[in-house]
Amino acid sequence: MSKIERVSSLQMTMLFLFFTTGSSIVIIPAPLTNIAGNGAWISLLIAYAMGMLLLTSILYLYRLFPNQTLIEYSRLTLGNALTTVLLIPFTCVMFWHVAGIVIEIGIFFKSTMLKETPTYAVNSMLFITIALTALAGIEVIARMAAVLLALMFGCIIVVLVLVGTLYHPEYLLPILPDGIRPVLHAAYITYGFPYSEIIVFAIILPYVRAKDTSKVGKHLYLALTINAMTLLASIICSIMVLGPISGDLNYSLYQLARLIFFQEIIERIESVIGFSLIVGFYFKAAILLIILIRHLSQLLRLDNERLLVFPVALICLLLSLTTYTTESALEELVNLIWPLLNNIAYALPIFLILAVALIRGRHKGSKTS
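Residues numbered from 1 in each chain as written. Predicted model: local features only at pLDDT ≥ 70, side-chain atom pairs only at ≥ 80, totals over all residues. Heavy atoms only, no water.

(A) Region of the structure containing the overall build of the protein. Along the protein, the regular secondary structure elements total 14 helices and two strands. The C-alpha radius of gyration of the protein comes to 21 Å, within 12% of the 21 Å expected for a compact globule of 369 residues. Along the three orthogonal principal directions, the C-alpha set of the protein runs to about 70 × 45 × 40 Å. The proportion of buried residues among the 369 residues of the protein is 56%. Contacts spanning at least 24 positions in sequence make up 87% of the contacts within the protein whose residues lie at least 6 apart. Counting every atom, the protein has about 15,600 Å² of accessible surface; 68% of that belongs to carbon and sulfur. (Helix = DSSP H or I, 4+ residues; strand = E, 2+ residues; numbered from the N terminus. Rg over C-alpha atoms; globule rule 2.2 N^0.38 Å. Buried < 20%, exposed > 50% of the residue type's maximum accessible area, 1.4 Å probe, protein only. Contact = heavy atoms within 4.5 Å. Areas by Shrake-Rupley, 256 points an atom, 1.4 Å probe, with all protein chains shown as cover.)

Quick look at the structure:
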């Protein structure tokens, strides 16, 4: 991961789309439907609007401080001491974030395809692969993204099309059987995962080539919209197929794949779909590990980022084996704790930096006038 690595605006957009969609397409539909029922799609739209607000904040700071990362412009606006105080929780949550993604993969494997495989074996192999991918650098990952993104979205589209004969639009009604409160609760969960997590992209936006900086904003807005539309389609299709039990079955897209049956030619393809969806988990973890290593190297003022790859991966592996190893504990984390943690550790520093930057900008403007 050299300092001179650069990616195009389109490549950064593909990484962003992978990051926001990779694990959420598997995890999000079921808990949203379980809490909000048929109003889950409204919850998603509310969370998407909040995600747009966060993305606008990141892009504003990116334009205000070109070629500078979150730590660099935090030191400029808040000073070294306050930056350190704010970014220590930020860093700790990022460690748990990487570990959490791999925990999700392990639980997905254990409950669907590899039921007899020990968790430590699955997690260890995943972290070795993720660490080697991160070691290759962001340029290599960006070049991989096009093929793997096409594979993941291709599988999603195939599943949603092939279960078309099982759709029952009447299952979508009534929209708000229990009022607005469950919808707002579900929106809070979706805001926490995946939309509040996009804050971490402030660390790697300077990787975008100088000639593409004017286009990156439009591309990222488009990527976030594609993510929301994909999740929206998954939620609506799950409700139309599974009806009232859609919220009780984890991994909705995988459950839909199990129902595919086409004239005894296409059936039982859920394993293929499952492994394709695992690509999203793996790629998101690799992107986040690169962001974490970049963040740590700047926080500690290190010159060689590559030295951190395997130590950081090992710490994350140990966290993945010792915390939230049961599905119920992970569900509690995602539904209750994670949105609150992200607000404190991710959103608060960004909004504080943004507020100080706006106040200073207005103060300079009034002095000039």
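(B) Representation of the packing of aromatic side chains in the model. Applying the stated criterion to the full structure yields six aromatic pairs. Where F16 meets F201, the ring centres are 5.2 Å apart and the plane angle is 90°; that geometry is what we call edge-to-face. Residue F16 is located in helix α1 (residues 9-21), and its partner F201 is located in the loop between α9 (181-192) and α10 (213-242); the two are separated by 185 residues in the primary sequence. F201 shares its class with F16; the two are buried. An aromatic cluster is defined as three or more aromatic residues linked by ring pairs; in this entry it consists of F16, F19 and F201. Over the aromatic face of F19 sits the side chain of K284, whose NZ or CZ is 5.0 Å from the ring centroid. (Phe/Tyr/Trp six-rings, centres within 6.5 Å; stacked < 30°, edge-to-face > 60°. Lys NZ or Arg CZ within 6 Å of the ring centre and 35° of its normal.)

(C) Broad picture of the pattern of salt bridges. Across all of its chains, the model carries three salt bridges by this definition. For K215, the salt bridge is made with D212, and the minimal N-O distance between the two is 3.3 Å. Judged by its relative accessible area of 36%, K215 falls in the partly exposed class. For D212, a relative accessible area of 7% corresponds to the buried category. (Salt bridge = Lys/Arg side-chain N within 4 Å of Asp/Glu carboxyl O.)

(D) Seen up close, the packing of helix α4 (residues 40-64) against α9. Following both chains from N to C, one finds α4 and α9 inclined at 40°, their axes separated by 8 Å at the closest point. By the angle between their directions, the pair α4 and α9 is classed as oblique. The handedness of the crossing between α4 and α9 is right-handed. Residues I42, S43, L44, I46, A47, M50 and L54 of α4 form the contact with α9, whose participating residues are V183, L184, A186, A187, T190 and Y191. The class makeup of the residues in the contact of α4 with α9 is 11 nonpolar, two polar and no charged. (Axes fitted to C-alpha atoms, helices over the stretch in contact; angles between N-to-C directions. Parallel < 35°, antiparallel > 145°, perpendicular 65-115°, else oblique. Left-handed = near helix turned anticlockwise from the far one by under 90°. Nonpolar A, V, L, I, M, F, W, Y, C, P; charged D, E, K, R; others polar.)

(E) Region of the structure containing the packing of helix α3 (residues 29-36) against α10. One can describe the packing of α3 onto α10 by two numbers: an axis separation of 10 Å at closest approach and a directional angle of 60°. Taken together, the axis directions place α3 and α10 in an arrangement best described as oblique. Between α3 and α10 the crossing geometry is right-handed. Residues P29, L32 and T33 of α3 touch α10, and the partners they reach there are S234, I235 and I239. Counted by class, the contact of α3 with α10 contains four nonpolar, two polar and no charged residues.

(F) Geometry of the state of the cysteines. All told, the structure shown has zero disulfides when counted by the stated rule. Residue C92 stays outside any disulfide, its sulfur separated by 11 Å from that of C316, the closest cysteine. On the accessibility criterion, C92 (36% relative accessible area) is partly exposed. On the basis of relative accessible area, C316 is assigned to the buried category, the value being 0%. (Disulfide = S-S within 2.5 Å.)

(G) Inspection of α10 at higher detail. Over its 30 residues, α10 runs 44 Å from end to end, which matches the ideal 44 Å to within 8%, given 1.5 Å per residue. With its phi angle positive at about 65°, G243 sits one or two positions after the end of α10. (Expected span 1.5 Å × (residues − 1).)

(H) Fine view of the environment of A99. Note that A99 resides in helix α6 (residues 80-112). By relative accessible area, A99 is classed as buried at 1%. In this structure, the C-alpha to C-alpha distance between A99 and I315, residues 216 residues apart in sequence, is 8.7 Å. For A99, the residues in contact, after removing those within four places along its chain, are F127, C316, L319 and S320.

(I) Looking closely at the side chain of S8. Within the secondary structure layout, S8 lies in the segment before α1. Setting aside its immediate chain neighbours within four residues, S8 contacts V208, R209 and D212.

(J) Structural context of unusual backbone geometry. With an omega of -5°, the peptide bond between L173 and P174 qualifies as cis. In this fold, P174 is placed in the loop between α8 (138-162) and α9. Put simply, F193 and P194 share a cis peptide bond, and its omega is 15°. Of note, P194 is situated in the loop between α9 and α10. Of note, the phi angle at R301 is positive, near 60°, even though the residue is not glycine. Mapped onto the elements of the fold, R301 is located in the loop between α12 (270-299) and α13 (309-322).

(K) Region of interest: the side chain of N227. Among the secondary structure elements, N227 is positioned in helix α10. Overall, the relative accessible area of 0% leaves N227 in the buried class. A polar atom in the side chain of N227 sits 3.1 Å from the backbone oxygen of T20. Setting aside anything within four residues of it in sequence, one finds N227 in contact with L17, T20, T21, S24 and Y195. (Polar contact = N/O pair within 3.5 Å; in protein donor to acceptor, adjacent residues only side chain to side chain.)

As far as function goes, none of this settles anything; it's purely spatial.
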